[in-house]
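Structural description and commentary
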Amino acid sequence: MPTNIYNLTRATLREQILALGEPGYRADQIWRALYHDLAPDATSMTTLPRKLRERLAEAFTFGGLTPANEARSSDGQTRKILFRLADGRAIESVLMGYARRRTTCISSQAGCAMGCVFCATGQMGFLRHLEPGEIVAQVLWVARELKKRDDRLTNIVVMGMGEPLHNYDATLAACDILNDPEGFAFGARRITLSTVGLVPAIRRFADERRQVNLAISLHAATDELRASLLPVNKRYPLAEVFDAARYYTTTTHRRITFEWALIAGVNDTQEQAETLARRAAGLLCHVNVIPLNPTAGYTGQASTRERVARFSEILEGHGISCTVRVRRGIDVAAGCGQLAIQA
Ligand code: SAH
Ligand code: SF4
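Okay, the domain arrangement of the protein next. Along its sequence, the protein is carved into domain 1 (3-61) and domain 2 (65-332). Domain 1 puts 14 residues into the contact, and the matching count from domain 2 is 15 residues. Across the domain 1/domain 2 interface, buried area totals approximately 1,200 Å², and carbon plus sulfur atoms make up 59% of it. Broken down residue by residue, the surface that domain 1 buries against domain 2 is led by Tyr6, Tyr35 and Leu38, which jointly contribute 47%. The tally of links from domain 1 across to domain 2 stands at 1 salt bridge. A salt bridge links Asp180 to Arg10, with the nearest nitrogen and oxygen atoms 3.0 Å apart. Looking at the side of domain 1 that touches domain 2, the element that brings in the most residues is helix H2 (residues 24-35), giving 3 residues. Residue classes in the side of domain 1 that touches domain 2 are distributed as 8 nonpolar, 4 polar and 2 charged.

Structure (structure tokens):
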């Protein structure tokens, strides 16, 4: 089986090129072609001799992603791309343009095992982890699209399908590959991982003192309510999540983001806002609230504009910084939590 070339770090690519009997500088040229010139396949690597290009095409696959469908939001600012994986599974990635930001939202798994009730990916269940190269290839695909218009990617959020910290090694390997200064050189501080709150993985992430930003999906400030929305709360209750968050901020001195999808009459109450403010007091954090996006498997409704404003005012009143996020791409089901594919 040929290897997905995007699974390889610069060092392992070098080893494999040397094993093919090629000189080391060829590995540098290939790395540059992949991550600097954004060559989509061996044929396009015109800096290399034809024979070598042929050998590469035999020895490696280039991403294992086939774009199979695309939807554009009516304002043209959001594109959702469906990729077919080599084994026939599918995932989705989103590209958003807003002001000068070009952000891609990528998937870390096909499906998700966490079962959050309001999330379309959770509703479809877990299919499999993605390999590092399948994560990297999503980013390169959008980077190529942007390059066609002389544009560049500014931010990566691992907030598509799947729970990135459930697929820890592959996700962080992908970040490291994208971060490589000799290659794509994408700054770790412009990458954000969002987790449902896998406590041991948050602690490991803190211990590794990574520059990648961390967001935790909170959505409720009391255990009973959170467990009814996010089953994982039964395993890692709020006290442990906040302890891990505090451990992260004190270890790394980096701010943590909490995410909160506001559901009318469920978690948009004054009591929830105040409990959150109490729990987050003194923590280096920021709260992102977003009105719930609709999904087929959940009947809850988005909070009204007034309730959203009130919720954020209460937090601000307690000294907790809070941003209300605008919902984007919901007309093509490209919003947070809306990514799902019929298996
Ligand atoms: N598994 C990770 C990252 C992917 S989900 C996580 O859960 O954090 C990205 C974000 O979208 C999370 O904050 C998630 O809770 C949120 N989300 C899921 N379904 C949503 C919905 N229907 N409306 C708004 N946000 C949603
Ligand atoms: Fe998985 Fe995140 Fe969706 Fe929960 S919200 S089911 S963790 S993708």
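This part takes up the site of ligand 2. Near ligand 2 you find Cys112, Met114, Gly115, Cys116, Cys119, Gly122, Gly162, Glu163 and Val196, and these make up its full shell. Here the shell around ligand 2 is built from residues that sort into 5 nonpolar, 3 polar and 1 charged.

Time to look at the packing of aromatic side chains. In this structure the tally under the stated criterion is 8 aromatic pairs. Centroid distance Trp31 to Tyr35: 4.5 Å. Interplanar angle 50°. Geometry classified as tilted. Here the residue Trp31 and the residue Tyr35 both occupy positions in helix H2, the gap between them amounting to 4 residues, near one helical turn. Here Trp31 matches Tyr35 in class, with each residue buried. Each ring, one from Trp260 and one from Phe311, has its centre 5.2 Å from the other, and the planes form 40°; the classification is tilted. You can see Trp260 sitting in strand S12 (residues 256-262) and its partner Phe311 sitting in helix H11 (residues 305-317), a full 51 residues away along the chain. Across the pair, Phe311 and Trp260 agree in class, each one buried.

Before going further, it helps to spend a moment on the packing of helix H10 (residues 270-280) against H11. In contact at an axis separation of 9 Å, H10 and H11 are set at 30° when each is read in the N-to-C sense. Between H10 and H11, the crossing angle belongs to the class labelled roughly parallel. Judged by the twist between their axes, the crossing of H10 over H11 is right-handed. Where H10 approaches H11, its residues Gln270, Gln272, Ala273, Glu274, Leu276 and Ala277 are matched on the opposing element by Arg310, Phe311, Ile314 and Leu315.

Near ligand 1 you find 19 residues, and of these Phe118, Ser194, Ser217, His219 and Asn293 are the closest. Between ligand 1 and Glu163 there is a distance of 3.2 Å, counted from a nitrogen atom to a side-chain nitrogen or oxygen. For ligand 1, an oxygen atom lies 2.6 Å from a polar atom in the side chain of Ser217. When isolated, ligand 1 has an accessible area of 520 Å², and the protein chains bury 95% of it.

What follows deals with the pairing of strand S6 (residues 101-105). The buried count for S6 comes to 4 of 5 residues, which makes it a mostly enclosed element. From the end of strand S5 (residues 90-98) to the start of S6, which pair antiparallel, there are 2 residues, and Ala99 there has a positive phi angle of about 50°. Taken together, the 3 bridges between S6 and strand S9 (residues 155-158) define a ladder with parallel strand orientation. The residue of S9 that forms the bridge with Thr104 is Ile156.

Our next topic: the side chain of Asn293. Locating Asn293 in the fold gives a position in the loop between strand S13 (285-291) and H11. Overall, the relative accessible area of 6% leaves Asn293 in the buried class. Of the polar contacts made by the side chain of Asn293, one reaches the backbone oxygen of Cys336; its length is 3.0 Å. In this structure, Asn293 is in contact with Arg327, Ile330, Gly335, Cys336 and Gln338, ignoring residues within four places of it in sequence.

About the thresholds
Residues numbered from 1 in each chain as written. Chains lettered and ligands numbered in written order. Predicted model: local features only at pLDDT ≥ 70, side-chain atom pairs only at ≥ 80, totals over all residues. Heavy atoms only, no water. Domains from an automatic or database assignment. Contact = heavy atoms within 4.5 Å. Buried area = accessible area lost by both parts, 1.4 Å probe. Salt bridge = Lys/Arg side-chain N within 4 Å of Asp/Glu carboxyl O. Helix = DSSP H or I, 4+ residues; strand = E, 2+ residues; numbered from the N terminus. Nonpolar A, V, L, I, M, F, W, Y, C, P; charged D, E, K, R; others polar. Near = heavy atom within 4 Å. Phe/Tyr/Trp six-rings, centres within 6.5 Å; stacked < 30°, edge-to-face > 60°. Buried < 20%, exposed > 50% of the residue type's maximum accessible area, 1.4 Å probe, protein only. Axes fitted to C-alpha atoms, helices over the stretch in contact; angles between N-to-C directions. Parallel < 35°, antiparallel > 145°, perpendicular 65-115°, else oblique. Left-handed = near helix turned anticlockwise from the far one by under 90°. Polar contact = N/O pair within 3.5 Å; in protein donor to acceptor, adjacent residues only side chain to side chain. Areas by Shrake-Rupley, 256 points an atom, 1.4 Å probe, with all protein chains shown as cover. Pairing = 2+ DSSP bridges.

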